[in-house]
Amino acid sequence: YTLFEVFGGKLEKEAVAKDCVCDIIFKWEKFAESSKSNEMLHLTFKRGPLLAELSRPKTNVEFYLALHQAMFDVMNGMFPITYKEAVYLAALRAQHDMGPFSRLQLGQGKYKWIVDNFVPESLHDDPEIADDIAEQHERLKGMNEYDCDKTYLDVVLSWPCYGSMLFEVEQSYTSSVAKNLWLAVNVDGVSLIARGEKEPLFQYTYEDIMSFNPSLRCLMIVVKSLTQGVKYVLQTSQAAQIAELMTRFCEIAQASGTAKKLPLNVGGSSQQEAMVVSETARDNAVWRKQSSRFRSARFTSSRFAERNETAAEQEKDLEKKLEAAKDRRKKKNLMFQNLVAEADLDDQENTKAHNVPPSDRKSSFAEPSVVESSMIPPTSGMSFLEVSERSVSASPPKM
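Residues numbered from 1 in each chain as written. Predicted model: local features only at pLDDT ≥ 70, side-chain atom pairs only at ≥ 80, totals over all residues. Heavy atoms only, no water.

## Let's talk about the overall build of the protein chain
Then step 1. Looking only at helices and strands, the protein chain has ten helices and ten strands in total.
Then step 2. Residues counted as buried form 34% of the 399 residues belonging to the protein chain.
Then step 3. Relative to all contacts within the protein chain whose residues are 6 or more apart in sequence, the contacts with residues 24 or more apart total 57%.
Then step 4. On the protein chain, roughly 25600 Å² of surface is accessible, and the fraction owed to carbon and sulfur atoms is 54%. (Helix = DSSP H or I, 4+ residues; strand = E, 2+ residues; numbered from the N terminus. Buried < 20%, exposed > 50% of the residue type's maximum accessible area, 1.4 Å probe, protein only. Contact = heavy atoms within 4.5 Å. Areas by Shrake-Rupley, 256 points an atom, 1.4 Å probe, with all protein chains shown as cover.)

Following this line, the structure appears as structure tokens:
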């Protein structure tokens, strides 16, 4: 079991172990945007390709995982089923979910619910299927829940091709083969099956396959011989995924020794220069590159944001320093004004002590020198710098 990327129920891809979930989501968001699609991405945990022959489940966890996978395959048309088999499997689920058959259940619409949830959609329109399920349900009297589950799984596992990865393909290369096919890929080889049928039309091991080459919408498989062999041209949107899966199985077959000769585009021969390059892998590389650029842009923008924050902090520090300088300047002006006021009081006291009238005060003293002019009191509102300029510009004393 592995994680699958399912987009809109039609496009499906096995998630690669090295991919990040955020990169996967980003890739499909860009795809939806470019294709103008309203579909959503679903990350689904389900059965992946089987790397060994399918065996019976040995633990309860394996058993119930296999059971629910089998029910999913039956409901979604990935298991070829006849009308009789569909009725029998639905009756097993009725016995499991509803218990023993009762006539009271017929008029309660419960078998309609069984049809909707356990019968393939292609058979829903049959007007007699609900009555046939009820009739088969009555014959299952005495079966417990585990017996119902085990019997259901046994029926599905009885198909030899069950466990293969099934791909819906179309072919128009030859009229001798049906147009709508299933391509079943497993560890032993590939099979071409008419859709809805159980018996394969053709089966080939990986030794029989000479070459397989995918394109964007097509997969070409050449078997038996490159010159006189059979060529199948299969139309599918999953060509890259099929080729990647076949490559994995070929490598397993080579490592286990079950295949002595492998297709030309698998392995280590000199002709491997034409080896299949998965379209999906290239897409992943492109999306990872774009995602890396996106993360780099986010990192750059975060660095600019950090620089802006640093500049804002520096600007705040500068404003604080300017405010502190203004406060110091105010304090110095206040101190100077206090000193001038004290000097003025001392001058008045000296004048009174010498009994000099205020009117004769100017004539009694020489004109102040440059040094003494610093004692001239400033006018109201005069700053420290203005007082200093006044002191420097005072006239020199007369000789």
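## Observations concerning helix 5 (residues 129–139)
Then step 1. Restricting attention to buried positions, one finds in helix 5 the residues I129, I133, A134, Q136 and H137. The arc enclosing the buried residues of helix 5, seen along the axis, measures out at 165°, which places them on a common side. Among the exposed residues of helix 5, those pointing more than 90 degrees away from its buried face are D131 and R139.
Then step 2. Summarising the contacts, the buried residues of helix 5 are in contact with helix 3 (83–98) and helix 4 (110–118). (Arc of directions from axis to C-beta.)

## Comments concerning the pairing of strand 8 (residues 209–214)
On a regular strand, one side chain projects to one face of the sheet and the next to the other, so that they alternate.
Then step 1. Of the strand pairs in this sheet, strand 8 and strand 9 (residues 218–223) are connected by five bridges, and their pairing is antiparallel. When the bridges of strand 9 are listed, I209 appears paired with V223.
Then step 2. Counting the residues between successive antiparallel strands, the hairpin from strand 8 to strand 9 contains three residues. (Pairing = 2+ DSSP bridges.)

## Quick notes on the sheet that holds strand 8
Then step 1. One open sheet holds the seven strands; their spatial order is 7-6-5-4-10-9-8, and the pairing between them is antiparallel. Looking at strand neighbours, the two that pair on one side only are strand 7 (202–205) and strand 8, the edges of this open sheet. Within the sheet, the average angular offset between the axes of one strand and its neighbour, ignoring direction, is 30°.
Then step 2. Bridge analysis of strand 4 (residues 165–171) against strand 5 (residues 180–185) gives six bridges, and the strand direction is antiparallel. The residue of strand 5 that forms the bridge with E170 is N180. (Axes fitted to C-alpha atoms, helices over the stretch in contact; angles between N-to-C directions.)

## Some remarks on the nonpolar core
Then step 1. In this structure, I133, Y152 and W159 are the most contacted members of the largest nonpolar core, which totals 40 residues.
Then step 2. Among the elements that line this core, the one with the most residues is helix 3, at eight residues.
Then step 3. Sequence-distant contacts of I133, that is, excluding residues within four places in its chain, are made with V87, A90, A91, Y111, I114, V115 and V119.
Then step 4. Core analysis: the second largest hydrophobic core is formed by 28 residues, V169, V185, V190 and Y232 among them. (Core = buried A, V, L, I, M, F, W, Y, C linked by side-chain atoms within 4.5 Å.)

## Some thoughts on the packing of aromatic side chains
Then step 1. The tally for this structure, following the rule as stated, stands at ten aromatic pairs.
Then step 2. The rings of F79, W159, Y162 and W182 are connected pair by pair, giving a single aromatic cluster.
Then step 3. Taking the ring centre of Y152 as reference, the NZ or CZ of R93 above it sits at 5.8 Å. (Phe/Tyr/Trp six-rings, centres within 6.5 Å; stacked < 30°, edge-to-face > 60°. Lys NZ or Arg CZ within 6 Å of the ring centre and 35° of its normal.)

## Things to note about the packing of helix 3 against helix 5
Then step 1. Where helix 3 meets helix 5, the axes come as close as 8 Å, and the angle between the chain directions of the two elements is 60°. Here helix 3 is positioned oblique relative to helix 5, judged by the angle of their axes. Regarding helix 3 and helix 5, the two cross each other, and that crossing is right-handed. For the pair helix 3 and helix 5, contact is made by Y83, V87, Y88, A90, A91, A94, Q95 and M98 and by I129, D132, I133, Q136 and H137, respectively.
Then step 2. Within the contact of helix 3 with helix 5, the residues separate by chemical class into nine nonpolar, three polar and one charged. (Parallel < 35°, antiparallel > 145°, perpendicular 65-115°, else oblique. Left-handed = near helix turned anticlockwise from the far one by under 90°. Nonpolar A, V, L, I, M, F, W, Y, C, P; charged D, E, K, R; others polar.)

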